[in-house]
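Read off the chains here:
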Amino acid sequence: MAARRTRPPQPLAPHGIPGHLVEFVEALRGVGIAVGPSETVDAGRVMATLGLVDREVLREGLACAVMRRAEHRETYDAMFDLWFPAALGARTVVDDEDSDDESDGPPPQDIEGLRDALVQMLTDNPDLANVDDRLAAMIAQIVESFGRYNSSRGPSYSSYQALKAMALDELEGRLLAGLLAGYGDDPTPTQQEIAKALAAKRVSQLRRMVEGETKRRTAEQLGREHVQMYGIPQLSENVEFLRASGEQLRQMRRVVAPLARTLASRLAARRRRARAGEIDMRKTLRKSMSTGGVPIDVVLKKPRPARPELVVLCDVSGSVAGFSHFTLMLVSALRQQFSRVRVFAFIDTTDEVTELFGPEADLAVAVQRITREAGVYTRDGHSDYGHAFVSFLDKYPNVLSPRSSLLVLGDGRNNYRNPEVDLLTHMVTASRHAHWLNPEPKHLWGSGDSAVPRYEGVITMHECRSAKQLAGVIDQLLPV
């Protein structure tokens, strides 16, 4: 009997700089940035060519090699700072002269002296993009002196404590006064606005420097994985709708267009493959019986001749407004994939808002106009799915038909009111397809005032917590 061949052990990741680069690529994949083998090879060539002398040049070079989408840049920068830190350990302030001795600046505990030195440095520095080592070392000194604390896992650092000690609001006021003094005794309104904007920008940059230094020192003490859990911004497509901040929602809306283009291209490819029709096994076998199956004459099914109509019924109440608005923008961008799209919004009463989503409309403006101009509430302004279904069927009884696909958006939280399940059943029966997209985690369905278990019995419900998950669901539901 031949000896059984065993698979040789796989080599471990190389050590040194190559191993560090491999670990960096794996970390990028861990946060959702897709980096393939070819991009990894390109990154290695970039590092070999550029070297490690200029950190910012290396940052840009690796970004060109591994990044595919510009909206991932913030996450990439945070990961680069974590894996390629600006320094190791504590940093000290040095003289501007070529000397290794510590300067005669304010001692670490003198926060007032540090603030004065910062104001002078920020006022004299024309562009913080070219920050000198002395300012970076001063930030490190503030973090070491005022941001350090003892946690259950050992020494750690808090950007909140460091920023609180710096009193940035007061610092911004002093910086503004210093900038205005440079314009003379009577600065013009334009000069005042320029000084205000510049002061706010420099303080914002200062805040980011403190946060970056805090993450660097925390990673040294507690490990990169600890910082990666809470200190790395999520990709916009992975942020949960119900937990997203206003800024995160604005970033998510910027991914609507590329997301719609991707879904539309996938649908076009599926339609090209389905244009000839699928094999009709029953008719193929019946036609081949007369010849005993030799040869087999393949009979194809006729492709569907028309695109379906889409009817969207969405909850725009405060709890799920961000999810509904994003989904409406995505559906509007995909409107060419349907013969007709009609959009209805509700809080406790349903009103049609299709005209707000015309071909030339600004989608971001359209979603903001819904609650201002549409009659989406006539009661107390709290979600009432039951009354929304009642008003929908009363005002628009003939909207749904066997050619219609019904899409309901909302979390199903009905404030303990009558859910009118029978009306939803009638709407589902009147439609060709019916699906419900829910932004809540599935383990919360049915908790508190959620009527999801009752609705789930009559309509197919999908969990859509993030833009990435939503895109996957929409991709499956798009008609062929």
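Calculation criteria
- Residues numbered from 1 in each chain as written.
- Predicted model: local features only at pLDDT ≥ 70, side-chain atom pairs only at ≥ 80, totals over all residues.
- Heavy atoms only, no water.
- Patch = residues over 30% accessible without salt bridge, like charges linked within 9 Å, V, L, I, M, F, W, Y side chains within 5 Å.
- Areas by Shrake-Rupley, 256 points an atom, 1.4 Å probe, with all protein chains shown as cover.
- Salt bridge = Lys/Arg side-chain N within 4 Å of Asp/Glu carboxyl O.
- Helix = DSSP H or I, 4+ residues; strand = E, 2+ residues; numbered from the N terminus.
- Buried < 20%, exposed > 50% of the residue type's maximum accessible area, 1.4 Å probe, protein only.
- Pairing = 2+ DSSP bridges.
- pLDDT = per-residue confidence, 0-100.
- Contact = heavy atoms within 4.5 Å.
- Axes fitted to C-alpha atoms, helices over the stretch in contact; angles between N-to-C directions.

### With respect to a nonpolar patch on the surface
And step 1. Taken together, the side chains of I279, M281, L285, I296, V298 and L300 present a nonpolar region at the surface, about 590 Å² in accessible area.
And step 2. Structurally, the position occupied by M281 is in helix α13 (residues 281-288).
And step 3. Using a relative accessible area of 52% as the deciding quantity, one classes M281 as exposed.

### So, the pairing of strand β1 (residues 148-151)
And step 1. Sheet topology note: the β1/strand β2 (residues 154-157) ladder contains 4 bridges and is antiparallel. Across the sheet, the residue bridging to Y149 is S156, located in β2.
And step 2. Hairpin connection of β1 to β2: 2 residues between the antiparallel strands.

### Comments concerning the confidence of the model for the protein chain
And step 1. Of all residues in the protein chain, 89% have pLDDT values of 70 or greater, and the mean over the chain is 83.
And step 2. Segment residues 95-103: pLDDT under 50, and 11 contacts once partners within four positions in sequence are set aside and those in other chains are kept.

### Some details on the sheet that holds strand β8 (residues 460-463)
And step 1. As summarised here, the arrangement of the 6 strands in space is β5-β4-β3-β6-β7-β8, forming an open sheet in which the pairing is mixed. Two strands close off the open sheet at either side, each with one partner strand: β5 (350-352) and β8. Strand-to-strand twist of the sheet, defined as the mean angle between neighbouring strand axes without regard to direction, takes the value 25°.
And step 2. Here strand β7 (residues 433-438) pairs with β8 via 4 bridges, running parallel. Note that in β8 the partner of N438 across the bridge is E463.

### Examining the pattern of salt bridges
And step 1. Considering all chains together, one arrives at 28 salt bridges under this definition.
And step 2. Across the pair D77 and R73 runs a salt bridge whose closest N-O atoms are separated by 2.9 Å. In this pair, D77 and R73 both sit in helix α4 (residues 73-83), 4 residues apart, roughly one turn of the helix.
And step 3. Given the relative accessible area of 24%, R73 is considered partly exposed.
And step 4. A salt bridge links R465 to E240; its shortest N-O distance comes to 2.4 Å. Separated by 225 residues along the polypeptide, R465 in the loop between β8 and α19 (467-477) and E240 in the loop between α10 (224-230) and α11 (246-253) bring together distant segments of the chain.
And step 5. One salt-bridge network, held together by shared partners, links R55, E56, R59, E60, R73, D77 and D81.

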